[in-house]
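Tertiary structure, described
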Amino acid sequence: MSLMAERLRLAGLRPTRQWLAIAEVLFGRGDRHVSAEVLCEEVGAKGSSVSLATVYNALHQFRRAGLLRELAVDGTKTYFDTNTSDHSHFFIEETSELVDIPNTRIRVTELPEPPPGTEISHVDVIVRVSRSK
């Protein structure tokens, strides 16, 4: 069994051929931020035929299993982050690129009390930047 198949199994996921192809491209290059559309193109370029719907399904299952963080930017663009540690991001508007900010550089204080029966799982901070002119 491959290391990636074992990683998926340990997360409670069934390592199908398509999910393995997606996982190998997604997790094979270290920490990264990727959209479903870009990942689908990358998997296809590696010779695996997967639909965009399959990529979305896999990404959401990987997120539920704790392998990814989902980041919504602008309400129109969603990125998936392979670094699941607590950290924030710069969003470079011209290139739609996310860049990690070490968590030691941002302090979020005085959070509100969450609604009854819930707890805060994490706080996403996205700092929007544009190129200097």
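Residues numbered from 1 in each chain as written. Predicted model: local features only at pLDDT ≥ 70, side-chain atom pairs only at ≥ 80, totals over all residues. Heavy atoms only, no water.

**With respect to the packing of aromatic side chains**
We count it as follows: Classification of ring pairs rests on two measures: the distance between centres of Phe, Tyr or Trp rings, Trp counted by its six-membered ring, which must be within 6.5 Å, and the angle between planes, read as stacked under 30 degrees, edge-to-face over 60 and tilted in between. Under the DSSP-based scheme used, a helix requires at least four consecutive residues in state H or I and a strand at least two consecutive residues in state E, with every element numbered from the N terminus. With a 1.4 Å probe rolled over the protein chains alone, any residue whose accessible area is under 20% of its type maximum counts as buried; one over 50% counts as exposed, and the rest are partly exposed.
Using the criterion set out here, one finds three aromatic pairs in the structure. Between tryptophan 19 and phenylalanine 62 the ring centres are 5.7 Å apart and the planes differ by 85°, which places this aromatic pair in the edge-to-face class. Taken together, the residues tryptophan 19 in helix H2 (residues 17-27) and phenylalanine 62 in helix H4 (residues 52-64) connect sequence positions 43 residues apart. The pair tryptophan 19 / phenylalanine 62 is uniform in exposure class, with both members buried.

**Some remarks on the packing of helix H3 (residues 36-45) against H4**
How two helices sit against one another is set out by the angle between their axes and by the gap between those axes. Here is the rule: Comment: axis = line fitted to C-alpha atoms, over the contacting stretch for helices; angle = value between 0 and 180 degrees taken between N-to-C directions. Angles below 35 degrees are treated as roughly parallel, those above 145 as roughly antiparallel, those between 65 and 115 as roughly perpendicular, and all remaining angles as oblique. Handedness of a crossing follows from how the near helix is turned relative to the far one, being left-handed for an anticlockwise turn of less than a right angle and right-handed for a clockwise one. Residue contacts are counted whenever heavy atoms from the two residues lie within 4.5 Å of one another. Residue classes follow a fixed rule: Ala, Val, Leu, Ile, Met, Phe, Trp, Tyr, Cys and Pro count as nonpolar, while Asp, Glu, Lys and Arg count as charged, and any other residue, Gly among them, counts as polar.
Put simply, H3 and H4 touch, their axes get as near as 9 Å, and they point 115° apart. Taken together, the axis directions place H3 and H4 in an arrangement best described as roughly perpendicular. In the packing of H3 onto H4, the handedness of the crossing is right-handed. Between H3 and H4, the residues in contact are Ala36, Glu37, Leu39 and Cys40 and Leu52, Val55, Tyr56 and Leu59, respectively. Looking at side-chain class alone, the contact of H3 with H4 contains seven nonpolar, no polar and one charged residues.

**Here we look at H3**
The periodicity of an α-helix, 3.6 residues per turn, causes residues three or four positions apart to be oriented the same way. Rules: The directions from the helix axis to the C-beta atoms are what the arc is built from.
Considered for burial, the residues of H3 that qualify are Ala36, Leu39, Cys40, Glu42 and Val43. Each buried residue of H3 lies within a common arc of 165° when the element is viewed along its axis, so the set occupies one face. Every exposed residue of H3 that faces more than 90 degrees away from the buried side is listed here: Glu41 and Ala45. Buried residues along H3 sit against H2, strand S1 (33-34) and H4. Just past H3, the residue glycine 47 takes up positive phi, approximately 100°.

**Quick look at the pairing of strand S2 (residues 69-73)**
Here is the rule we go by: Two strands are said to pair when DSSP picks up at least two bridges between them.
Alternating positions in S2 separate cleanly, Arg69, Leu71 and Val73 being buried on one face and Glu70 and Ala72 remaining unburied on the opposite face. Looking at chain direction, S2 and strand S3 (residues 77-81) are connected through five bridges and run antiparallel. For arginine 69, the partnering residue across the bridge sits in S3 and is aspartate 81. Turn length for the S2-S3 hairpin, with the two strands adjacent in sequence and antiparallel, is three residues, and the turn residue aspartate 74 shows positive phi of about 70°.

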